[in-house]
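# A structural walkthrough
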2 protein chains.
Amino acid sequence: MSELVKVAVDAMGGDNAPGEIVKGAVEAVNENDKVKVYLTGIPDVVEKELAGYTYPKERLEVVPASEVIETAEPPVMAIRKKKDSSLVKALNLVKDGTCDAFVSAGSTGATLVGGQVIVGRIKGVERPPLAPLIPTETGCSLLIDCGANVDARPSHLVQFAKMGSVYMEHVMGVKNPKVGIVNIGAEEEKGNALVKETFPLLKNCPDINFIGSVEARDIPAGAADVVVCEAFVGNVVLKTYEGVGATLIKKVKAGMMTSLRSKIGALLVKPALKQTLKAFDLEQYGGAPLLGLNGLVVKTHGSSKAVEIKNSIIQCITFTEQKINDRIREMLVSDVVSDEVISAEER
Amino acid sequence: MSELVKVAVDAMGGDNAPGEIVKGAVEAVNENDKVKVYLTGIPDVVEKELAGYTYPKERLEVVPASEVIETAEPPVMAIRKKKDSSLVKALNLVKDGTCDAFVSAGSTGATLVGGQVIVGRIKGVERPPLAPLIPTETGCSLLIDCGANVDARPSHLVQFAKMGSVYMEHVMGVKNPKVGIVNIGAEEEKGNALVKETFPLLKNCPDINFIGSVEARDIPAGAADVVVCEAFVGNVVLKTYEGVGATLIKKVKAGMMTSLRSKIGALLVKPALKQTLKAFDLEQYGGAPLLGLNGLVVKTHGSSKAVEIKNSIIQCITFTEQKINDRIREMLVSDVVSDEVISAEER
């Protein structure tokens, strides 16, 4: 039997904690025998949730924590003060090598800050990006970066493009993933200062399949597999996606309820429609990886239910088995080497 | 009879020129007797289109032009070289006071550049923003700025907030319009450098009803009437709106075609659905005004049909009758005065 992939899960984080989190962890170990879950949380609370389930005890362990970080707490302070919180405990399990990955439905800020401060960055990574998968007409794309650190530099965006390519190729199985930079026009001379500076760097980057600028209009159509942008822009894309999706579906439902005729029609189309729209639901893709850390940190929606927690845990298996972090390390080392070669040539 | 509102229209600009443009102009003068249209274009071509219609001749004039600016031409060069183009001729009609406004479905770049260079800015306006109306759950909001000039300064955004408020109040009839700044979180300390610098300026601005940060997720729900952002972000919001809308509607249609049952349902819901979704169609709102110029320039979609051209022309009547530019001038003068008072107090 190959080695188990070990995933720490914060049982106390998220709107539906601990119930849905514990349920998702149980479902993950029952569905996949390659994974072991470490549930961090208040022991009594977690044990009580577990009591009703059947699962392989040797692959689900409870790690006691006495504190809980709330969503509204200032992240840096929370990480620093609550050393015995379920979130900090889980991050430490990754730091000390007990676990390969951490899945969090709790405070986004604390997860991002804690990931960087406790787990730490891979040597050479300038800024670890948060990279959710977003649904498109043809499948899904990686939107990188949607994190909390805005005002990125061109070199950050180049690293996002590389890390995103590794992720899409080896975790999602997209061969030679297309990389695009979010821009306000297709021409190379278009864009803000950051995009204009980044464009030639991406164009000359031999490790990626750069296809140029991508207008936001073309993202939902699946124009690029790896959609590179600075975090402010990434957040705007992601949240406009969510907002327009929610509003339009509300409009469709309201439209179907306007007459008796349309109500009858609604009953008939409902099952088929539900199926199709499910493929365009942001939440089905589970968590967003925070890339470039010494270990994997996956942030799932605060509103995650068991199925999303389970999917996020399972996602960690491919990430670990495909040695994504080793690939990222190699890519960054080759950068340093080629930089040195260039400097040597210049001398 | 009150004075006519005079609108120049580029008969040669847009994907459906000259047919739909001329048709829209004819419909406008037939529908509203307060407006006179000046159609600029190649005389033979325009006259031929007009031949089939009945309309009040005294309120539709053809202004001859010998050249046409194509969408793909570099804007600055096109404006400079093609002095006898239909677009430049129309802009000059606004500049020399013959017309109050100009409606263009042609090159966005040339319209924006020409508006600034030929029509010119209102004294005190630092950057004229392009401000389309976007549909929301509750009506529509003004997204300001979506223009071609990115990397704005905080003072630009403050002017956008003021000009946008004047527009929403006096053209759209929204009393005391709510102004929000696009941000990645609701808290005041969130945001990129630009937003953090702009936030306190908006907060202390007495002329507007500032409600704070608006997350992109809440824009489609109608969280703010005036949605202030820098042009790169505005373009990303606008185009994500378009893209997600188009993809979702495609998905809904495909979903309805998956089984016999759903196909029958689709026939029943179609009329009601069409009606509801029409209210969420970006194109129904006609053109986007380029605010802060000595005259009104309205940019409509390149793909505009007659109805959009007509709506854009009619929109110019309210703008002119409500003396929006005088109101903008007054607001900016009061700024200069209060700045002087402050400086005097400081001395």
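Only a predicted model underlies this, so the values are computations on that prediction, with no experimental measurement involved.

Turning to the overall build of chain A, a few remarks are in order. Counting secondary structure elements, chain A contains 11 helices and 11 strands. Computed over its C-alpha atoms, the radius of gyration of chain A comes to 21 Å, within 12% of the 20 Å expected for a compact globule of 347 residues. Taken along its principal axes, the extent of the C-alpha atoms in chain A is 65 × 60 × 40 Å. Looking at chain A as a whole, 55% of its 347 residues qualify as buried. In chain A, of all internal contacts separated by at least 6 residues, the share reaching a separation of at least 24 is 73%.

Time to look at the domain arrangement of chain A. Residues and elements named next belong to chain A. One can read the domain layout of chain A as domain 1 (1-125 + 292-347) and domain 2 (133-283). For domain 1 and domain 2, the distance between their C-alpha centroids amounts to 25 Å. Listed as interface residues are 13 residues of domain 1 and, on the opposing side, 11 residues of domain 2. Of all elements in the fold, only helix H5 (108-119), helix H10 (306-321) and helix H11 (324-346) reach the threshold of two or more residues within the side of domain 1 that touches domain 2. Among the elements that take part in the side of domain 1 that touches domain 2, H11 stands out by supplying four residues, more than any other. In terms of residue class, the side of domain 1 that touches domain 2 is built from six nonpolar, five polar and two charged.

Taken residue by residue, the interface counts 50 residues in chain A and 50 residues in chain B. Within the residue set of the side of chain A that touches chain B, elements represented by two or more residues are helix H8 (231-256) and helix H9 (260-278) of chain A. By residue number, the principal contributor to the side of chain A that touches chain B is H8 of chain A, which donates 20 residues. Partitioning the side of chain A that touches chain B into residue classes produces 27 nonpolar, 13 polar and 10 charged.

All names here are of chain A. Here five strands make up an open sheet; going across it, the order is E5-E6-E9-E7-E8 and the pairing mixed. Each edge of the open sheet carries a strand with a single partner, namely strand E5 (133-135) and strand E8 (209-215). In this sheet, neighbouring strand axes are inclined to one another by 35 degrees on average, regardless of whether the strands run parallel or antiparallel. Both strand E7 (residues 178-183) and strand E9 (residues 226-228) contribute to a ladder of three bridges, which runs parallel. Across the sheet, Val-179 pairs through a bridge with Val-226, a residue of E9. Together, strand E6 (140-144), E7 and E9 form the strand contacts of helix H6 (residues 154-170), whose direction differs from that of E9 by roughly 165 degrees. Across the face of the sheet, H8 comes into contact with E5, E6 and E7 while running at roughly 140 degrees to E6.

Across its 26 residues, H8 of chain A extends 37 Å between first and last C-alpha, which sits within 8% of the 38 Å expected from 1.5 Å per residue. Across the 26 residues that make up H8 of chain A, a large majority, 20, are buried.

On to the sheet that holds strand E8 (residues 209-215) of chain B, then. Think of a sheet as strands paired side by side through backbone hydrogen bonds, with each pair either parallel or antiparallel. Residue and element names in this part refer to chain B. Taken in spatial order, the five strands of this open sheet run E5-E6-E9-E7-E8, and their pairing is mixed. Among the strands making up the open sheet, the edge pair consists of strand E5 (133-135) and E8. Each neighbouring strand pair of the sheet contributes to a mean axis angle of 35 degrees, computed without reference to strand direction. Across six bridges, the pairing between strand E7 (residues 178-183) and E8 is parallel. Bridge pairing links Lys-178 to Asn-209 in E8. Helix H7 (residues 193-203) rests against E7 and E8 of the sheet, and its axis sits at about 170 degrees to E7.

With that out of the way, let us pick up the relation of the copies chain A and chain B. Laying chain A over chain B is done by rotating through 180 degrees and shifting 0.0 Å along the axis; what remains is an RMSD of 0.1 Å. Taken together, the turn and the small shift mark the pair as related by a two-fold rotation axis. Across chain A, the smallest distance between a C-alpha and the rotation axis is recorded for Gly-265 of chain A, namely 1.9 Å. A share of 100% of interface residues in chain A that are also interface residues in chain B marks the association as one of identical surfaces.

For the rest of this paragraph, the subject is the packing of H9 of chain A against helix H9 (residues 260-278) of chain B. Where H9 of chain A meets H9 of chain B, the axes come as close as 7 Å, and the angle between the chain directions of the two elements is 135 degrees. What the angle tells us is that H9 of chain A and H9 of chain B run oblique. The two elements H9 of chain A and H9 of chain B meet at a crossing, and its hand is left-handed. Counting all contacts with H9 of chain A, which are made through Arg-261, Ser-262, Ile-264, Gly-265, Ala-266, Leu-267, Leu-268, Val-269 and Ala-272 of chain A, the residues of H9 of chain B involved are Arg-261, Ser-262, Ile-264, Gly-265, Ala-266, Leu-267, Leu-268, Val-269 and Ala-272 of chain B. The residue makeup of the contact of H9 of chain A with H9 of chain B, split by class, is 12 nonpolar, four polar and two charged.

All names here are of chain A. Neither face of strand E11 (residues 296-299) is open: one carries Leu-296 and Val-298, the other Val-297 and Lys-299, and all of them are buried. Pairing between strand E4 (residues 101-104) and E11: four bridges, direction parallel. Looking across to E11, one finds that Ser-104 is bridged to Lys-299. Alignment of strand E10 (residues 288-290) against E11, held across three bridges, turns out to be antiparallel. Bridging from a neighbouring strand, Pro-289 pairs with Val-298 of E11. Taking the residues between adjacent antiparallel strands as the criterion, E10 and E11 are bridged by five residues, where Gly-292 takes a positive phi near 90 degrees.

Another aspect to go through is unusual backbone geometry. Residues and elements named next belong to chain A. In the segment running from Ala-17 into Pro-18, the intervening peptide bond is cis, with an omega of -5 degrees. Note that Pro-18 resides in the loop between strand E1 (5-10) and helix H1 (19-31). Of note, Lys-323 is a non-glycine position whose phi angle comes to about 50 degrees, a positive value. Note that Lys-323 resides in the loop between H10 and H11. Of the residues examined, Lys-323 has 12 C-beta atoms within 10 Å and is grouped as exposed.

What follows is about the packing of H6 of chain A against helix H7 (residues 193-203) of chain A. The axes of two packed helices give the description: the angle between them and the distance between them. Residue and element names in this part refer to chain A. Closest axis-to-axis distance for the H6/H7 pair is 9 Å, and the angle between their directions is 50 degrees. Classified by the angle their axes make, H6 and H7 are oblique. Here H6 runs over H7; the crossing is right-handed. Facing Pro-154, Leu-157, Val-158 and Ala-161 of H6, the residues of H7 in contact are Leu-194, Glu-197, Thr-198, Leu-201 and Leu-202.

The next subject is H9 of chain B. In a regular helix each residue adds 1.5 Å, so 19 residues correspond to 27 Å; H9 of chain B covers 26 Å between its end C-alpha atoms and thus fits that length. At Val-269 of chain B, H9 of chain B shows its maximal kink, close to 50 degrees; a proline, Pro-271 of chain B, follows between one and four residues later. Every buried residue of H9 of chain B is listed here: Ser-262, Gly-265, Ala-266, Leu-268, Val-269, Ala-272, Leu-273 and Thr-276 of chain B. In this fold, the buried residues of H9 of chain B make contact with H8 and H9 of chain A together with helix H8 (231-256) of chain B.

On to the environment of Val-174 of chain B. Residue and element names in this part refer to chain B. Along the chain, Val-174 falls in the loop between helix H6 (154-170) and E7. With 33 residues separating them along the chain, Val-174 and Ser-141 place their C-alpha atoms 10.0 Å apart. With residues up to four places along the chain from it excluded, the contact list for Val-174 reads Met-168, Glu-169 and Asp-225.

Here we take up the environment of Cys-140 of chain A. Residue and element names in this part refer to chain A. Along the chain, Cys-140 falls in strand E6. Residue Cys-140 is classed as buried on the basis of its C-beta count, with 20 C-beta atoms lying within 10 Å. Along the backbone, Cys-140 and Ile-219 are 79 residues apart, and their C-alpha atoms lie at a distance of 9.7 Å.

Definitions and cut-offs
- Residues numbered from 1 in each chain as written.
- Chains lettered and ligands numbered in written order.
- Predicted model: local features only at pLDDT ≥ 70, side-chain atom pairs only at ≥ 80, totals over all residues.
- Helix = DSSP H or I, 4+ residues; strand = E, 2+ residues; numbered from the N terminus.
- Rg over C-alpha atoms; globule rule 2.2 N^0.38 Å.
- Buried ≥ 20, exposed ≤ 12 C-beta atoms within 10 Å, placed from the backbone.
- Contact = placed C-beta atoms within 7 Å.
- Domains from an automatic or database assignment.
- Nonpolar A, V, L, I, M, F, W, Y, C, P; charged D, E, K, R; others polar.
- Pairing = 2+ DSSP bridges.
- Axes fitted to C-alpha atoms, helices over the stretch in contact; angles between N-to-C directions.
- Expected span 1.5 Å × (residues − 1).
- Least-squares fit on C-alpha atoms with pLDDT ≥ 70 in both.
- Parallel < 35°, antiparallel > 145°, perpendicular 65-115°, else oblique.
- Left-handed = near helix turned anticlockwise from the far one by under 90°.
- Bend = angle between axes of the 7 residues up to and from the residue.

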